[in-house]
Amino acid sequence: VRQEFIEDELVIKGVEVGTDVVRNLNEDLLGKAIFLLYMEKIPKTSTRRLVNTSGIETLLRIADTDTDTTEGIARLEFNWSGMEGHAIQLNMESAYNEVDGSLLQTDNRGTGPIVVNVPGANSRVDEVRWDLQLKDNWSLGSLEFDYGLGAEFSTISQTGDSEQERSFRFLKPMASVIWSVGQGQRLRFTLEREVAQLNFNDFISATVFEDDDIVLGNPDLHPDATWVTSLGYEKRYGKIGVFKVTAYHHWIDDVLDLLPLTATNAVPGNIGNGRRWGVD
């Protein structure tokens, strides 16, 4: 029986720095500033060995991967309570994300190591994203309304094995109605649009020795956007007891999934529209 040995060796080095400042700008206006920076470096060596029934090594495959990740976020929040029954909030956020990946893979079948070209494995992806949102919480006795409008703008650039730049724009409305129907009981209906954040590792090709597979990167990925509806009921008991049930339905544009290309190659991709529903 042929034997197969797979080993992974990696070291994760990371640093995170963050701060936030809160200040009353006047009697009715509260301001908050948030900053976060995260940097991570992951050098990884993966080894796959095949040994035949005679105990002779027939394949030694080595993949040396370096993945550097940088994430930075700056956010401003303003909360205004100068109108009776209303709590108005304005959020402004800027984010920078970068993933820089490299891969050197070799195969040795007894005649010395040979470099294996994995297309799309040596590449850098970076994104600049802006997010704005204005929302209001309006209380009317037993009724409470949360509503608002957001906008997201982003530019994704890729260099290295793949070279391109693309821009995206999304509107993100949201609204919910909360009805306090009795002592400790509430009904909530929500409708909003959510936009997913892409995993930039999906833009860069990688090897998966456990599946004897190559997962190719896809530089043409774009975020999926989802219309979310939900109807929930909540009942509280005493100080800490709570019962909640929520039914939901999602309409998803541009579902993200993994697409098989051949028996040993797959690629992340957008596969069209989909729906998701259930109960929590």
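Further up the page is the structure itself.
In this report, we go over the structure that sits alongside the text. Because the structure is predicted, anything quoted here is derived from the model rather than measured. (Residues numbered from 1 in each chain as written. Predicted model: local features only at pLDDT ≥ 70, side-chain atom pairs only at ≥ 80, totals over all residues. Heavy atoms only, no water.)

### Overview of the overall build of the protein
Phase 1 of the analysis: Broken down by element type, the protein carries zero helices and 17 strands.
Phase 2 of the analysis: What you see for the protein is a C-alpha radius of gyration of 25 Å, clearly larger than the 19 Å of a compact globule of 280 residues, by over 25%.
Phase 3 of the analysis: Across its three principal directions, the C-alpha atoms of the protein cover 80 × 40 × 35 Å.
Phase 4 of the analysis: Residues counted as buried form 31% of the 280 residues belonging to the protein.
Phase 5 of the analysis: Across the protein, the fraction of contacts at a sequence separation of at least 24, relative to all contacts at a separation of at least 6, is 60%.
Phase 6 of the analysis: The protein carries 26 positive and 44 negative side-chain charges, and their two centres are separated by 5 Å. (Helix = DSSP H or I, 4+ residues; strand = E, 2+ residues; numbered from the N terminus. Rg over C-alpha atoms; globule rule 2.2 N^0.38 Å. Buried < 20%, exposed > 50% of the residue type's maximum accessible area, 1.4 Å probe, protein only. Contact = heavy atoms within 4.5 Å. Lys, Arg positive; Asp, Glu negative; His and termini not counted. Charge placed at Lys NZ, Arg CZ, Asp CG, Glu CD.)

### Considerations on the pairing of strand 14 (residues 241–253)
Phase 1 of the analysis: The pairing of strand 13 (residues 225–237) with strand 14 spans 13 bridges and is antiparallel. Considered in strand 14, the bridge of Ser230 is made with Tyr248.
Phase 2 of the analysis: Here strand 13 folds back onto strand 14 in antiparallel fashion, the turn holding three residues, of which Gly238 has a positive phi close to 60°.
Phase 3 of the analysis: The pairing of strand 14 with strand 17 (residues 274–279) spans six bridges and is antiparallel. Residue Ile252 lies in a different strand from strand 17, and its bridge partner there is Gly274. (Pairing = 2+ DSSP bridges.)

### Considering a negative patch on the surface
Phase 1 of the analysis: There is a patch of like negative charges on the surface, built from Glu7, Asp8, Glu9, Glu210 and Asp211.
Phase 2 of the analysis: One can find Glu210 in the loop between strand 11 (206–208) and strand 12 (213–215). (Patch = residues over 30% accessible without salt bridge, like charges linked within 9 Å, V, L, I, M, F, W, Y side chains within 5 Å. Areas by Shrake-Rupley, 256 points an atom, 1.4 Å probe, with all protein chains shown as cover. Salt bridge = Lys/Arg side-chain N within 4 Å of Asp/Glu carboxyl O.)

### Concerning the environment of Val1
Phase 1 of the analysis: Mapped onto the fold, Val1 is located in the segment before strand 1 (3–10).
Phase 2 of the analysis: Residue Val1 is classed as exposed on the basis of its relative accessible area of 86%.
Phase 3 of the analysis: Sequence separation between Val1 and Val51 is 50 residues; the distance between their C-alpha atoms is 9.0 Å.

### Section: a nonpolar patch on the surface
Phase 1 of the analysis: A contiguous nonpolar surface patch, about 620 Å² in accessible area, is contributed by Trp138, Leu140, Leu143, Tyr147, Val177, Trp179, Val181 and Leu187.
Phase 2 of the analysis: A per-element tally of the nonpolar patch places strand 9 (residues 164–182) first, with three residues.
Phase 3 of the analysis: Looking at the element boundaries, Trp179 is found in strand 9.
Phase 4 of the analysis: Note on Trp179: relative accessible area 42%, which makes it partly exposed.

### Details of unusual backbone geometry
Phase 1 of the analysis: Its identity is not glycine, yet Asp254 carries a phi of approximately 60°, on the positive side.
Phase 2 of the analysis: Here Asp254 shows up in the loop between strand 14 and strand 15 (256–260).

### Thoughts on the environment of Gly55
Phase 1 of the analysis: With respect to the secondary-structure elements, Gly55 resides in the loop between strand 3 (29–51) and strand 4 (57–80).
Phase 2 of the analysis: Residue Gly55 is classed as exposed on the basis of its relative accessible area of 56%.
Phase 3 of the analysis: For the pair Gly55 and Val1, spaced 54 residues apart in sequence, the C-alpha separation works out to 10.0 Å.

### With respect to the environment of Ser94
Phase 1 of the analysis: Structurally, Ser94 is set in strand 5 (residues 86–108).
Phase 2 of the analysis: Overall, Ser94 belongs to the partly exposed group, its relative accessible area being 22%.
Phase 3 of the analysis: With 77 residues separating them along the chain, Ser94 and Val17 place their C-alpha atoms 16 Å apart.
Phase 4 of the analysis: Aside from chain neighbours lying at most four places away, what touches Ser94 is Gly72, Ile73, Ala74, Arg129 and Trp130.

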